[in-house]
Every structure is written in C-alpha cells, then in structure tokens.
Amino acid sequence: MTGATHRPDRPDPLDDDLGWMLGIVFRGYVRAADHALTDFPGGPRGYQVLTAAINGPARNQGAIAEELGLDRTVLTYLIDDLERPGFVARRADPADRRNRLIDVTDAGRAAWEKRRSALRQVESHLLGALTPADAATLRALLQRVACSAQAADPLRDLCEVVTQVHPGPAVPTDRPDAASSRAGRTSTPRARRRG
C-alpha cells in the first residue's frame, strides 16, 4: 500500500501505523483546503476562527483561542484579518469590559456558508473511497476521538503528551527547564520545540 515494493505476504509496517495514515489524510486535506480557502482572510485558520465564532452566543477571544489551540497573539491577527472585510466585529464583554466578544456579521455568515460548501466538496473527494454510510461513520468516530483527546488534554504542551504516551529515559535534572516541566508548570517555547 505504501510503495511499489509492497508484498501481500509481508505487510508494510506503515499500513498499520495510525500516524502515517493520519498524516496522509491530513496532508491531502490541507492541500485541497488551502486551495479552497486561498483568498479567505487568514486562510484555513481564519476559516476555523470564523467557524468557532459562528455558532451560539458571542464568545471572547480567549475561549476561541483555547478551543482551537491557537496562541492568543496569533488569534488577534486572525481576527484582525476577519474584521477588515467585515466578517466579524469586536465588542466589549458586558460581564468583563477587559474582554472582547467576537460577533459574526451577516457578511461573515454568507462567506462562511460559501466556503463551507467548497470544503464539503473537498471532504467528499477525500472520502471518495468510502460509501456515504462509511464516511458518516468515520466522521462520527473521528469526532468522538477528537473531542475525547481535547477534553483529556488540550495539548498545551506536546512534549508532555509524548512523554505520557511513550515514556523514555529520565530527563536529566541539571537542565533548567526539566524541573519546571516535571512539576507541571508551563514549559518554555524552547522546551516545546524539543518535543
């Protein structure tokens, strides 16, 4: 399945590797989604921000950033991008005026619906090897796995997740960030990159 040297009598180890499978599907989706959202403010991430903001009452930027796993500074720039064409508007939170709530405008809803339709076509193409019933089952299973993973660990520190999943040798305590990482404190960006 993974290459020309695949032999039915000797399965390729990658054929059963979840990371490889997710990576192939993810890369295919990202390429097609990038094309479908090429002129959308903020690209695919801008679309995700609009999607997060479009349902339910207006939410503050911090809640959206946490849900999407985005740095608040990055989210601010994405909201700026969505605000320029009038897709969203910021307003003070009456419960806490230091917070800004994000409201989706009528123009934002129309833009979202148009792009949602384009992305549904991308998804249908990507899942074309499945029957409609299998595609619906895959979506439901992926949703369950994603929601469970997000609830269990919002992925604030990917190195810690890797350590929990695959414990390796003990981290030397002479590194300045090792003790703080083990104590559950937020690790530095440098420590995150090592994961």
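Our structure's up above, just so we're on the same page.
Below you will find a few notes about this structure. Computed from a prediction, not measured in an experiment: that's the story for all the values here.

Procedures and definitions
Counting restarts for each chain: residues are numbered from 1 in the order of the written sequence. Residues qualify for local features only when their pLDDT is at least 70, as the model is predicted, and side-chain atom pairs are given and counted only at 80 or more; totals for whole chains, interfaces and linings, by contrast, use all residues. Based on all heavy atoms of the structure, the side-chain values leave hydrogens and waters out of the count. Strands here mean DSSP runs of E at least two residues long; helices mean DSSP runs of H or I at least four residues long; both are numbered from the N terminus. What makes two residues a contact is simply this: any of their non-hydrogen atoms within 4.5 Å. Throughout, nonpolar core names a set of buried Ala, Val, Leu, Ile, Met, Phe, Trp, Tyr and Cys residues whose side chains join them through atoms within 4.5 Å. Note on classification: 1.4 Å probe, protein chains only; a residue is buried when its accessible area is under 20% of the maximum for its type, exposed when over 50%, partly exposed between these limits. Any pair of Phe, Tyr and Trp rings, taking the six-membered ring for Trp, is counted once the centres come within 6.5 Å. Such a pair is stacked with planes under 30 degrees apart, edge-to-face with planes over 60 apart, and tilted for the rest. The rule is simple: put a 1 Å grid over the protein atoms alone, call a set of points where a 1.4 Å probe fits but cannot get out a cavity, call an open set with protein on both sides within 12 Å along at least five of seven lines a pocket, and count a residue as lining if it has an atom within 4 Å of a point. Grid points are joined across faces, edges and corners, and a volume is the space filled by probe spheres set on the points. Residue polarity is assigned by list, with Asp, Glu, Lys and Arg as charged and Ala, Val, Leu, Ile, Met, Phe, Trp, Tyr, Cys and Pro as nonpolar; anything else, Gly included, falls into the polar class.

Side note on the side chain of Gln61
Checked against the element boundaries, Gln61 lands in helix α3 (residues 61-68). Discounting chain neighbours no more than four positions away, the residues touching Gln61 are Leu75, Thr76, Ile79, Arg90, Arg100 and Ile102.

Observations regarding the environment of Ala89
Turning to its location among the elements, Ala89 is positioned in strand β2 (residues 88-93). Along the primary structure Ala89 and Ile102 are separated by 13 residues, whereas in three dimensions their C-alpha atoms are 5.9 Å apart. If sequence neighbours within four positions are ignored, Ala89 has contacts with Glu83, Leu101, Ile102, Asp103 and Thr105.

Re the nonpolar core
Among the nonpolar cores identified, the biggest contains 25 residues, and Phe40, Val49, Leu50, Ile64, Leu75, Leu82 and Val88 are the most heavily contacted of them. Elements that contribute at least two residues to this core include exactly α1 (18-36), α2 (43-54), α3, α4 (72-83), β3 (96-104) and α5 (106-126). With six residues, α2 is the largest single contributor of residues to this core. Ignoring sequence-local partners within four residues, the contact set of Val88 consists of Leu50, Ile79, Leu82, Glu83, Ile102, Asp103, Val104 and Thr105.

Observations concerning the packing of aromatic side chains
Aromatic rings in a pair are described by how distant their centres are and how their planes are angled relative to each other. Under the defined criterion, the tally for this structure stands at two aromatic pairs. Their ring planes at 70° and their centres at 6.0 Å tell us that Phe40 and Tyr47 sit as a pair that is edge-to-face. Take Phe40 and Tyr47: they sit in the same class, and that class is buried. Aromatic rings pair up to connect Phe40, Tyr47 and Phe87 into one cluster.

Considerations on the layout of surface pockets
By volume, the largest pocket is sized at about 2,500 Å³. Taken together, 43 residues form the lining of the largest pocket, with Phe26, Tyr29, Gln48, Leu142 and Ala146 sitting closest to its centre. Sorting the residues of the lining of the largest pocket by element identifies α1, α2, α3, α5, α6 (132-152) and α7 (158-165) as the ones contributing at least two each. When its residues are assigned to classes, the lining of the largest pocket shows 32 nonpolar, four polar and seven charged.

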